[in-house]
Amino acid sequence: MTRYIEGFRKMDAASHFRTTLAEQGRQLAEQGRSIHLMEVCGSHTMAIARFGIRDFLPAAISLVSGPGCPVCVTDPGYIDAAITLAGQGKIIATFGDMLRVPGSRTSLAEARAAGGRVEVCYSPLTAIELARNHPETEVVFLAVGFETTIAPVVAMLDAVIRQAIDNVSLLTAFKRVPPALSALIADPEIQIDGLLCPAHVSAIIGADAYRPYAEQYGVACVVAGFEPLDILYGLQGLTQQLLENRPHVDNQYGRVVKAEGNRQAQRLMEHYLLPADASWRGLGTIPASGLVLRPEFARFDAVHRHGILPTPGRINPRCQCGEVLKGKIRPAQCPLFGVACHPDKPLGPCMVSSEGSCAADFKYARGGA
Amino acid sequence: MNDCVLLGHGGGGRLSHQLIEQEIVARFGQGPLQTLPDAATLELDSRRICFTTDSFVVHPLEFPGGNIGDLAVHGTVNDLAVSGARPRWLSLGLILEEGLPLATLRRVLDSVQRAAEQCEVAVVTGDTKVVRRGQCDGLYINTSGIGEAIPGFALSLSRVGLGDCILVSGPLGDHGAAVLSAREGFQMQNGPLSDSRPVHRLVQSVADLAADIRFMRDPTRGGLATVLNEMTAGQSYGIRIRARDLPFSPGTNALAEMLGLDLLHVASEGCLVLLCAESVAAAILARWQALPEGVDARAIGRVTDQAGRVILETAIGGQRVVDVPSGELLPRIC
Ligand code: SF4
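Residues numbered from 1 in each chain as written. Chains lettered and ligands numbered in written order. Predicted model: local features only at pLDDT ≥ 70, side-chain atom pairs only at ≥ 80, totals over all residues. Heavy atoms only, no water.

1. Overview of helix α4 (residues 174-183) of chain B
Residue and element names in this part refer to chain B.
Logical step 1: Burial within α4 is extensive, with 8 of its 10 residues counted as buried.
Logical step 2: Taken residue by residue, α4 has D174, H175, G176, A177, A178, V179, L180 and S181 as its buried positions.
Logical step 3: Tucked into the core, α4 has its buried residues touching β2 (62-63), α2 (68-82) and α7 (250-259).
Logical step 4: Count one or two residues on from α4 and you reach G185, which has phi positive near 65°. (Buried < 20%, exposed > 50% of the residue type's maximum accessible area, 1.4 Å probe, protein only. Helix = DSSP H or I, 4+ residues; strand = E, 2+ residues; numbered from the N terminus. Contact = heavy atoms within 4.5 Å.)

Pasting the structure below:
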């Protein structure tokens, strides 16, 4: 019974947002404006597709998906390096999303089928367990992710060091969200009027991290949770800021997200990691947008430990992931979408990760239901 | 006797004989299996039979709510039931890994026995092989089943019409979620419990309404999404379901939230999806809800004119396509 009541409440609230957004759309149209709101994070992309949120938006408001899927922006050369390590008999521990991402030639799933040891983890701590159970070899954890994921991975490394476990290393491709956003916002070819900022990343970096976008570039920012109503509320808030020409950072998730972020997690990250230039698949190299292990922890760096040299890797030249990630085209505008490229045989990473824009659109929208 | 399965248990000699006598005949030897003939001889009442086979591979072998033994019975019984048959006989093929604890084997066979009794089917023939350690994951089971067609059922998607109703008999995704949480060692209080159970009574309870029942399926691998897509593929109609009418158990829901799983893609092993004329939907629901395995039965949607499309009206009233899952269920990064 409670389910039904809860269901109706949600429907009520949602139809309220539908009306409000329609009214805002009318006002925008009156002003002759159309606005582009970017959801920064893959979890938002997913939820938007899964709950059919585009359905709620009037024509004057378009939603573009940002670069917020850590798997999608991982360079193919990184996958190649992981496959090389698997070939050397190491146990590769990874979040499941990485399994089917195409490297230059094959994927980790294919490496596993060919006998490589690739273990899917739900938590970085699984790497420690694997290392304990397999003292004869080394566990290489694929340390991919944004601030949300970096914090728990660094906590795992901290535990590894404290417990003097020496058969765990990290293959890092950590990325920081703010430098990528700065690059996108500064790109004159891309119109971004508002940013729907992810609650979990913001919980680490703090809502203040977005202030420069509002203050210097006039971009509206709302920190929003991942429930469908949170997202609708966030989109309504962004539109309102723009209608009033009053862009600022609105933290709708104040319960969890502090202005300054999670200081403890930041300290731990600073202790182990240093900013470095990083290559984003589709976006190119962005200065100081990555985090790497500090030299004093190099022995936990798989690249250093095994002397492998990750090369940039080869991207399928026809894949438009870069344009999708920048929000320049919708996935369905890629000529390969759903034809040569679909979730069973992804050509680009945006089709692999469940959070990728192409996968989300293929799965849930297919050109609009 | 040693407490694990040995290669010798499959060698055809004294050890094999012992295993068969003590573990198999002791449990299933009342009927045709008693004298271990090469083939079972069965007497049929009807001229139409349904025949099916399935292999069961699950890790871990035991999970909250069941084990591979009851799963192997329910899986085949349910395949027969949703074809409109009354399940009668099963075969039981075992592939055992050297080193499997006999205690585990016994628990699994006890479950087979209990489940078969509950489903009123007899295990009438079987086979046991032992493979070297590492060549299988503990224990694999194959069951084939024969059922007698229940008169009146004429299940066919060609009979589906606009406005027909889609019903489900219980919560979705419990089995897949339970196995996943057991495999990954999640310590969840009130976590997911497998729904491994037979659906044959649900089918038999509506046999007199068979003329208005178009189609039945149990949403195992690939979940409800896969079944609905099978129902609409290449058809002139589509299906629309409503998120707020979908039944889910709280523990399963919690796990799905945690891992970002779409429960429409997760397997059930004791749930029935039925497509019927609107005129009989209420009666079917009432019959199901009177049975313990059907208390959570719901009408979840209808047949529409959107050819080949399965659309979900989401919890907030948006809409989206329900697609089949691709490949394995993989946990997301964040
Ligand atoms: S549809 Fe495939 S090829 Fe096209 S941009 Fe997306 S991932 Fe790349």
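2. Section: the domain arrangement of chain B
All names here are of chain B.
Logical step 1: By domain assignment, chain B separates into domain 1 (38-149) and domain 2 (157-321).
Logical step 2: The C-alpha centroid of domain 2 is placed 24 Å from the C-alpha centroid of domain 1.
Logical step 3: With 21 residues of domain 1 at the interface, the matching set in domain 2 holds 21 residues.
Logical step 4: In this assembly, domain 1 packs against domain 2 so that about 1600 Å² is buried in total across both faces, 64% of it on carbon and sulfur atoms.
Logical step 5: Together, P64, N78 and V82 form the three largest contributors to the area buried by domain 1 at its contact with domain 2, with a combined 33%.
Logical step 6: For the interface between domain 1 and domain 2, the tally reads 0 salt bridges.
Logical step 7: One can count 8 residue pairs in polar contact (both at pLDDT 80 or more) joining domain 1 with domain 2.
Logical step 8: Elements supplying a minimum of two residues to the side of domain 1 that touches domain 2: α2 and β4 (85-97). (Domains from an automatic or database assignment. Buried area = accessible area lost by both parts, 1.4 Å probe. Salt bridge = Lys/Arg side-chain N within 4 Å of Asp/Glu carboxyl O. Polar contact = N/O pair within 3.5 Å; in protein donor to acceptor, adjacent residues only side chain to side chain.)

3. A few points about the environment of B:T143
Residues and elements named next belong to chain B.
Logical step 1: For T143, the location among the structural elements is in strand β6 (residues 139-149).
Logical step 2: Between the C-alpha atoms of T143 and R159, which are 16 residues apart in sequence, the distance is 31 Å.
Logical step 3: Apart from residues lying up to four places away in sequence, T143 is in contact with T52, T53, D54, F56, A72, T76, S91 and L92.
Logical step 4: At 2.9 Å, the side chain of T143 forms a polar contact with the backbone oxygen of A72.

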